[in-house]
Amino acid sequence: MLKVTDLHVSYGGIHALQGISLEAPAGKIVTLIGANGAGKSSTLRAIAGLIKSKTGSITYEGEELTTLDPAAIVRRGIALSPEGRRIFPHLSVRENLLLGAYSRRDSAGIARDMEWVFDLFPRLRERSEQKGGTLSGGEQQMLAVARALMSRPQVLMLDEPSLGLAPLLVKDVFSIIERINAEGRTVLLVEQNAFAALKIAHYAYVLETGRITLHGTGEELLADQRVIQAYLGG
Amino acid sequence: MTIEIFLQHLLNGLTLGSLYALIAIGYTMVYGILRLINFAHSEIFMLGAYFVFWGVTLFHLPWPLALVAAVAAVALVGVLVDRVAYRPLRDAPRISALISAIGVSFFLQNVAIVLFKAIPREVYRPEWLENPMIMGGVRVLPLTLFVPVLSLLLMLGLMYIVYHTKPGLGMRAISKDIETSALMGVPVNSIIALTFGLGSALAAASGIMWALRYPQLQPIMGVIPGFKAFIAAVFGGIGSIPGAVIGGLVLGFLEILIVAFFPDLAGYRDAFAFVLLIVVLLVKPTGLLGARPEEKV
Ligand SMILES: Nc1ncnc2c1ncn2[C@@H]1O[C@H](COP(=O)(O)OP(=O)(O)O)[C@@H](O)[C@H]1O
Ligand SMILES: [Mg+2]
């Protein structure tokens, strides 16, 4: 279980996270929804070790993560597919995937997982020798998710995986998230597309200007009047 | 000009160009990752030459062993420079690291003056490098072949590391996006240290070979070759390793051939490089193979 307790993050004078607490139990899909600037990315980046929190704690299986650097956190089994894809445009698809596996030493296992992600995303297999920068937006998003999977994470964090994708691709992305989860992996999902996220989530948190204002099962939030008005365009 | 003499000039150009290229690679790799012009790089070059001198005179090592030991020791100095002078400034404005680099450059020069004294020293050269051979009618010093051949091997070795190994993949990744590389589990600081080590090793090898060709050691001997290699890196497209190699070779050939065909201009040979720099900056600031400059976020 991944557990965040009373997390605070500031950028200079901006107090972006003001005491976030949340839990992602093993094997569940947990989603974090909220408007632009609410602090969703900051939460994921803090868990991944990219930004250091002022106070609060982040633990995984009881171990404190806040003192670890990003590479050590990946080795603990927590991977982030960052907002905006951030693939390496000058490296081939295969090299991008190998980077995702950088923390691993089992070359046989890496080769097996390469096949596994190619099965999940057949387009990537076709384009494996192409430079990442030549892929379409949708393919780049697939690559970003596949790359995060290459570390064989127990917890996969996805920051807006459906951003900028055509509706058909959005459906693909969400069904792949469910497939990954069905294999026993915990997913912590940040989405603007609140409806789709709540539909697949076991549990959900609503973030507003650095605070969690609501939480409940996906179904509960889908039926909540405040959520409907604010995020589901009701 | 006879064909023999022309070939001789070509060989000299190749030699000088390889030496520039070896230094330029270090500038370009560090710049590619940290957007830092490592001014101390010319002193790294100088240390290579002196360390061999020490190895032979002080520790009585056989020359090939002194060469290897010097390259390894200078690589360590390069790693140390990064650790002490640049790494603490990683999150500081870029200008701070640049000033630190200038400081390290002066520091190492002055350490060299204290350790090695400012008087120029004669270099030991193994005899087998100096007995001329006749090849196809051309009189060739083994030295003139030794330099390009060893340089080529070193460059191939470097390319292998950068393009075909896992740490090399890490280097290419952090040169584009340090933060995302860290997310992938790339140990950023170790990879940067490796970059400094490799770049310094090549510069040391260049300094050692330079001292064989121009056999005089001085604490400021790195300054002019360092500047020219930096220009070569800019010309080739700073950040690009193949660009640094091409830039170094072009500069070496130009310098030798201009002096060969226009002996009256020999006195200006150091000025050519700077003219080239100005032309590049005016015409194509990204250099031959350089990418568009991107601001780091
Ligand atoms: N690098 C940064 N520097 C300064 N402010 C930042 C930075 N990143 C995020 N912020 C601010 O922190 C708040 C939360 O941002 P973010 O976590 O990106 O929100 P979200 O992902 O929910 O859109 C916003 O007010 C944003 O402007
Ligand atoms: Mg965001």
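The structure contained in this document is the topic of the report that follows. (Residues numbered from 1 in each chain as written. Chains lettered and ligands numbered in written order. Predicted model: local features only at pLDDT ≥ 70, side-chain atom pairs only at ≥ 80, totals over all residues. Heavy atoms only, no water.)

1. Concerning the interface of chain B and chain A
- Each side of the interface is counted separately: chain B has 19 residues, and chain A has 23 residues.
- Taking both sides of the interface into account, the surface hidden between chain B and chain A amounts to around 1,900 Å²; carbon and sulfur atoms contribute 66%.
- For chain B, the biggest contributors to the area lost against chain A are K166(B), L183(B) and M184(B); these three give 36% of the whole.
- For the interface between chain B and chain A, the tally reads four salt bridges.
- Across the pair E95(A) and R172(B) runs a salt bridge whose closest N-O atoms are separated by 3.0 Å.
- The tally of links from chain B across to chain A stands at eight residue pairs in polar contact (both at pLDDT 80 or more).
- When contributions to the side of chain B that touches chain A are tallied by element, the ones reaching two or more residues are α6 (166-174) and α7 (178-183) of chain B.
- With six residues, the single largest contributor to the side of chain B that touches chain A is α6(B). (Contact = heavy atoms within 4.5 Å. Buried area = accessible area lost by both parts, 1.4 Å probe. Salt bridge = Lys/Arg side-chain N within 4 Å of Asp/Glu carboxyl O. Polar contact = N/O pair within 3.5 Å; in protein donor to acceptor, adjacent residues only side chain to side chain. Helix = DSSP H or I, 4+ residues; strand = E, 2+ residues; numbered from the N terminus.)

2. Remarks on the coordination of the magnesium ion (ligand 2)
All names here are of chain A.
- On the protein side, the magnesium ion (ligand 2) has S41 (OG) and E83 (OE) as donor atoms, found 2.0 to 2.5 Å from it. Of the two residues, S41 sits in helix α1 (residues 40-47) while E83 sits in the loop between β6 (78-81) and α3 (93-100), which places them 42 residues apart along the sequence.
- On the accessibility criterion, S41 (17% relative accessible area) is buried.
- Assessed through its relative accessible area of 34%, E83 is described here as partly exposed. (Donors = N, O, S within 2.8 Å, 3.2 Å for Na, K, Ca; no water. Buried < 20%, exposed > 50% of the residue type's maximum accessible area, 1.4 Å probe, protein only.)

3. A look at the pairing of strand β10 (residues 211-217) of chain A
Residue and element names in this part refer to chain A.
- Here six bridges tie strand β9 (residues 203-208) to β10, and the two strands are oriented antiparallel to one another. When the bridges of β10 are listed, L207 appears paired with I212.
- Taking the residues that link successive antiparallel strands as the turn, the β9-β10 hairpin has two residues, and the phi of T209 there is positive, at about 35 degrees. (Pairing = 2+ DSSP bridges.)

4. Remarks on the sheet that holds strand β1 (residues 2-11) of chain A
Residue and element names in this part refer to chain A.
- Read across the open sheet, the four strands follow the order β2-β1-β4-β5; overall the sheet is antiparallel. A strand with exactly one partner marks an edge of an open sheet, and here the two such strands are β2 (14-24) and β5 (63-64).
- As defined by bridge partners, strand β4 (residues 55-60) adjoins β5 across two bridges and the pair is classed as antiparallel. Opposite Y60, over in β5, you have E63 as the bridge partner.
- Sheet strands in contact with α1 are β1, β2 and β4, and its direction is about 115 degrees off that of β1. (Axes fitted to C-alpha atoms, helices over the stretch in contact; angles between N-to-C directions.)

5. A closer look at a nonpolar patch on the surface
Residues and elements named next belong to chain B.
- Together, M1, I5, F261, F262, L265 and Y268 make up an exposed nonpolar region whose accessible area comes to about 640 Å².
- Here L265 shows up in the loop between α10 (241-261) and α11 (269-283).
- Classification of L265 by relative accessible area gives partly exposed; the value is 33%. (Patch = residues over 30% accessible without salt bridge, like charges linked within 9 Å, V, L, I, M, F, W, Y side chains within 5 Å. Areas by Shrake-Rupley, 256 points an atom, 1.4 Å probe, with all protein chains shown as cover.)

6. A look at the environment of R76(A)
- Looking at where R76(A) falls in the secondary structure, it is placed in the loop between α2 (70-75) and β6.
- The residues touching R76(A), leaving out its near neighbours within four places in the chain, are Y60(A), E63(A), L65(A) and L68(A).

7. Digging into α3(A)
- Within α3(A), six of the eight residues are buried, which leaves the element mostly enclosed by the surrounding structure.
- All of the buried residues along α3(A) are V93(A), E95(A), N96(A), L97(A), L99(A) and G100(A).
- Here the buried face of α3(A) lies against α4 (107-120), α5 (122-126) and α6 (137-149) of chain A together with α6 of chain B.

8. Observations regarding the pattern of salt bridges
Residues and elements named next belong to chain A.
- In this structure the tally under the stated criterion is 21 salt bridges over all chains.
- For E129, the salt bridge is made with R94, and the minimal N-O distance between the two is 2.9 Å. With E129 in the loop between α5 and α6 and R94 in helix α3, the pair connects residues that are 35 residues apart, well separated along the chain.
- The class for E129 is exposed, based on a relative accessible area of 56%.
- Assessed through its relative accessible area of 30%, R94 is described here as partly exposed.

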